[in-house]
Amino acid sequence: MLHRCRFDSDRPLTGMEIECNLVDGQYQPAMSNRSVLDAIADPAYQTELGAFNIELNVPPRPLPGHTGLDLEKEVRASLNDAEQKASSGGAHIVMIGILPTLMPEHLADGWMSESTRYSALNDSIFDARGEDIPINISGPEPLRWQAASIAPESACTSMQLHLQVAPADFAANWNAAQMLAGPQLALGANSPYFFGHRLWPETRIELFTQSTDTRPEELKTQGVRPRVWFGEQWITSILDLFKENIRYFPSLLPEVSEEDPVAELAAGKIPELAELRLHNGTVYRWNRPVYDIVDVDGVRRPHLRLENRVLPAGPTVIDMLANSAFYYGTLRSLSEADRPLWSTMAFSAAQSNFLAAARQGLDARLHWPGLGEVTAPELVLDTLLPMAHEGLRRWGVDAVVRERFLGVIEGRAKTGRNGASWQVTTVDALQGQGMSRREALAEMLRRYCKHMHANEPVHTWPQ
């Protein structure tokens, strides 16, 4: 197909998915997504794994011009409308990487959304493991816990960015996205608490990795890859990723299509590739390849997307759009460079940057070609922000849009404050005033929600 078909890429589109949490009036998890979705009554909102999760799918659109400002207004209006409808039933919507008031008792019973697919996924993972999943995460207050289901995965809520890519350009964009994963995460970390423990600035990375791990201990020691995977090498084609998925990961969901893709192709039709798409959806790469079919002026055409799954949700709409502007702009500059930077950087260094950013946030030191090891804010301010501005300019994004969103990134890097650091500082201050940890987490979340609705960027929030 890559050689013979015309993939849709004439007018590249971007897309966004925002996973959200639901809380009650006391800022505790609300297991009510079914009734909330019924109240919202908008197909853009869907269920997620946890009964306290919902997802907003933002329609695809091109980047140029004033699109970013229009998108900010649209997403805010949509979320405000959804919040109003959810609150009529006593629930509230929170955009945050891990809900800080989520505790073990909340994941004992009734935590999963009603879905045959989710139940099958849970059963398949545990059948593959043959034992409970150990959750062991380091940090200032290390956590050790045994999971009897994939419930901890539902704690991880993210923002996913999509970019439609021509087949010939996919490898360069994926390699560039892998390079960017560390700086992205350092800037956007927003998940410092799980089960009341202060862990990593972006605990979601390790929690998601461990909670979906199908490998029993003997397979781990044999070097079998985890299903949440950074990857292991730079690529030259999107096929490299699909081949790795098939080579390294057994199928989890036994659904088989009756389609003969080769016959469909020979007949001049576009194959659905249902098994490939289903299997690809159970390999959780932080930058995932996506094959899909779109209707272009009444004609079905295949297309490829790069799905960036690095970032947590929140804290605000403007923060998330700033994160997306930084990503799309820097990605354009890196992927179009005459001499690819990844050709001078070990793949393992990109992975090390990613893990360092998850563990240390904006305090991380990151490796970059030509610079050696530098602090995350230094890398962003001196090297990546100019790339982001230039990349957005090449996309045709208006100067006012570039300045608004990249100004937020600059402010975050200069102050050293992202969602994670604000959460930790606020909880420490509340506990210093005599609150228990659980009381402090609930009060912090109350303040977080107030600031979230004000849509002021997190680096400007008072403690």
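Scroll up for the structure.
Source: prediction; values computed, not measured.

Trainee: Break down the packing of helix 4 (residues 167-188) against helix 10 (residues 317-335) for me, with residues and values.
Mentor: The relative placement of two packed helices comes down to the angle between their axes together with the axis-to-axis distance. Here helix 4 crosses helix 10 at 145°, and the two axes come no closer than 9 Å. Between helix 4 and helix 10 lies a crossing of right-handed hand. For the pair formed by helix 4 and helix 10, the contact residues are Ala-172, Asn-173, Ala-176, Ala-177, Leu-180, Gln-184, Leu-187 and Gly-188 on the first element and Asn-323, Phe-326, Tyr-327, Thr-330, Leu-331, Leu-334 and Ser-335 on the second. Class assignment of the residues belonging to the contact of helix 4 with helix 10 gives a composition of nine nonpolar, six polar and no charged.

Trainee: How would you explain the pairing of strand 6 (residues 143-147) if you had to name every residue and give the values?
Mentor: The side chains of a regular strand alternate between both faces of the sheet. Alignment of strand 5 (residues 133-137) against strand 6, held across five bridges, turns out to be antiparallel. Across the sheet, residue Ile-133 finds its bridge partner in strand 6, namely Ala-147. Adjacent in sequence and paired antiparallel, strand 5 and strand 6 are bridged by five residues, among which Gly-139 carries a positive phi angle near 135°.

Trainee: Lay out the pattern of salt bridges with the relevant residues and their values.
Mentor: Scanning the model with the defined rule gives 27 salt bridges in all. As a salt-bridge pair, Arg-412 and Asp-319 come within 3.0 Å of each other at their nearest N and O atoms. Here Asp-319 lies in helix 10 and Arg-412 lies in helix 13 (residues 399-415), a separation of 93 residues in the sequence. Asp-319 carries the same exposure label as Arg-412, and that label is buried. Each of Glu-272, Arg-277, Asp-292, Arg-300 and Arg-305 takes part in one network of salt bridges that share partners.

Trainee: For unusual backbone geometry, give the residues involved together with the corresponding values.
Mentor: A cis amide bond links Gly-314 with the next residue in sequence, Pro-315, at an omega value of -5°. In this model, Tyr-27 sits at a positive phi of 65°, which is unusual for a non-glycine residue. Tracing the backbone through its elements, the reader meets Tyr-27 in the loop between strand 1 (14-23) and helix 1 (33-40).

Trainee: Describe in detail the side chain of Arg-305, supporting the description with residues and values.
Mentor: Checked against the element boundaries, Arg-305 lands in strand 13 (residues 299-312). The class for Arg-305 is buried, based on a relative accessible area of 17%. Among the polar contacts made by the side chain of Arg-305, one reaches the side chain of His-303 at a distance of 3.0 Å. Ignoring sequence-local partners within four residues, the contact set of Arg-305 consists of His-162, Leu-163, Gln-164, Phe-170, Arg-288, Pro-289, Val-290 and Asp-292.

Trainee: Give a detailed account of the packing of aromatic side chains, specifying residues and quantitative values.
Mentor: If you walk through the whole model with that rule in mind, you get 16 aromatic pairs. Between Trp-234 and Phe-347 the ring centres are 4.9 Å apart and the planes differ by 75°, which places this aromatic pair in the edge-to-face class. Pair noted here: Trp-234 is in the loop between strand 10 (228-229) and helix 7 (238-248) and Phe-347 is in helix 11 (residues 347-360), with a separation of 113 residues, a long-range link. Taken individually, Trp-234 and Phe-347 each receive the classification buried, so the pair is uniform in this respect. Judged by centre distance (4.9 Å) and plane angle (90°), the rings of Trp-422 and Trp-461 are edge-to-face. Taken as a pair, Trp-422 in helix 14 (residues 419-432) and Trp-461 in the segment after helix 15 (437-454) lie far apart in primary sequence, 39 residues in all. An aromatic cluster is defined as three or more aromatic residues linked by ring pairs; in this entry it consists of Trp-174, Phe-208, Phe-230, Trp-234, Tyr-284, Trp-286, Phe-347 and Phe-354. Over the ring of Tyr-248 we find Arg-247; its NZ or CZ atom is 5.4 Å from the centre of that ring. Just above the ring of Trp-395 sits the side chain of Arg-332; from NZ or CZ to the centre is 4.5 Å.

Trainee: Quick rundown of empty space enclosed by the protein? Include the residues and the values.
Mentor: Applying the stated rule across the entire model yields two cavities of 30 Å³ or more. Quantified by volume, the largest cavity comes out at close to 220 Å³. Along the walls of the largest cavity sit 20 residues, with Leu-63, Gly-68, Leu-71, Ser-324 and Tyr-328 positioned nearest its centre. The leading source of residues in the lining of the largest cavity is helix 10, at four residues. Residues belonging to the lining of the largest cavity are distributed by class as follows: 14 nonpolar, five polar and one charged. Estimated volume of the second largest cavity: approximately 140 Å³. What lines the second largest cavity is Arg-76, Leu-79, Asn-80, Glu-83, Ile-93, Met-95, Val-317, Met-452, His-453 and Asn-455.

Trainee: Let's hear about helix 14: which residues, and what values?
Mentor: Over its 14 residues, helix 14 extends 20 Å from the first C-alpha to the last, a length consistent with the 20 Å expected when each residue adds 1.5 Å. Turning to helix 14, its buried residues number three or more, namely Gly-419, Ala-420, Trp-422, Gln-423, Val-424, Thr-426, Val-427 and Leu-430. Contacts from the buried residues of helix 14 go to strand 8 (193-194), strand 9 (197-198) and helix 15. A distance of 3.2 Å separates the backbone nitrogen of Ala-420 from a side-chain oxygen at the start of helix 14, and that oxygen is part of Asn-418. At the exit of helix 14 stands Gly-434, carrying a positive phi of roughly 110°.

Trainee: Would you mind going over the pairing of strand 15 (residues 372-375) in detail, with residue names and values included?
Mentor: Bridge count between strand 14 (residues 365-368) and strand 15: four bridges; the pairing is antiparallel. By the bridge assignment, His-367 is partnered in strand 15 with Glu-373. Linking strand 14 back to strand 15 in an antiparallel pair, the connection comprises three residues, with Gly-370 at a positive phi of about 85°.

Trainee: Can you lay out the environment of His-367 for me, pointing to particular residues and giving the numbers?
Mentor: Structurally, His-367 can be placed in strand 14. A relative accessible area of 33% means that His-367 is categorised as partly exposed. Sequence spacing of His-367 and Ala-350 is 17 residues, and the spatial spacing of their C-alpha atoms is 7.8 Å. The contact partners of His-367, leaving out residues within four places of it in the chain, are Met-345, Ala-349, Asn-353, Gly-372 and Glu-373.

Trainee: Can you explain the layout of surface pockets? Please cite residues and give values.
Mentor: Looking at the largest pocket, its volume works out to about 1,100 Å³. As for the largest pocket, its lining consists of 40 residues, and the residues nearest its centre are Glu-17, Glu-48, Gly-281, Arg-288 and Arg-309. By residue class, the composition of the lining of the largest pocket is 15 nonpolar, 12 polar and 13 charged. Roughly 330 Å³ of internal volume is contained in the second largest pocket. In terms of lining, the second largest pocket is formed by 15 residues, of which the most central are Met-1, Leu-239, Phe-242, Leu-273 and Leu-276. Secondary structure elements with two or more residues in the lining of the second largest pocket: helix 7 and helix 9 (274-280). Looking at the lining of the second largest pocket residue by residue, the classes come out as 13 nonpolar, no polar and two charged.

Calculation criteria
- Residues numbered from 1 in each chain as written.
- Predicted model: local features only at pLDDT ≥ 70, side-chain atom pairs only at ≥ 80, totals over all residues.
- Heavy atoms only, no water.
- Axes fitted to C-alpha atoms, helices over the stretch in contact; angles between N-to-C directions.
- Helix = DSSP H or I, 4+ residues; strand = E, 2+ residues; numbered from the N terminus.
- Left-handed = near helix turned anticlockwise from the far one by under 90°.
- Contact = heavy atoms within 4.5 Å.
- Nonpolar A, V, L, I, M, F, W, Y, C, P; charged D, E, K, R; others polar.
- Pairing = 2+ DSSP bridges.
- Salt bridge = Lys/Arg side-chain N within 4 Å of Asp/Glu carboxyl O.
- Buried < 20%, exposed > 50% of the residue type's maximum accessible area, 1.4 Å probe, protein only.
- Polar contact = N/O pair within 3.5 Å; in protein donor to acceptor, adjacent residues only side chain to side chain.
- Phe/Tyr/Trp six-rings, centres within 6.5 Å; stacked < 30°, edge-to-face > 60°.
- Lys NZ or Arg CZ within 6 Å of the ring centre and 35° of its normal.
- 1 Å grid on protein atoms, 1.4 Å probe; cavity = no way out; pocket = protein on both sides within 12 Å on 5 of 7 lines; lining within 4 Å.
- Points joined across faces, edges and corners; volume = space filled by probe spheres on them.
- Expected span 1.5 Å × (residues − 1).

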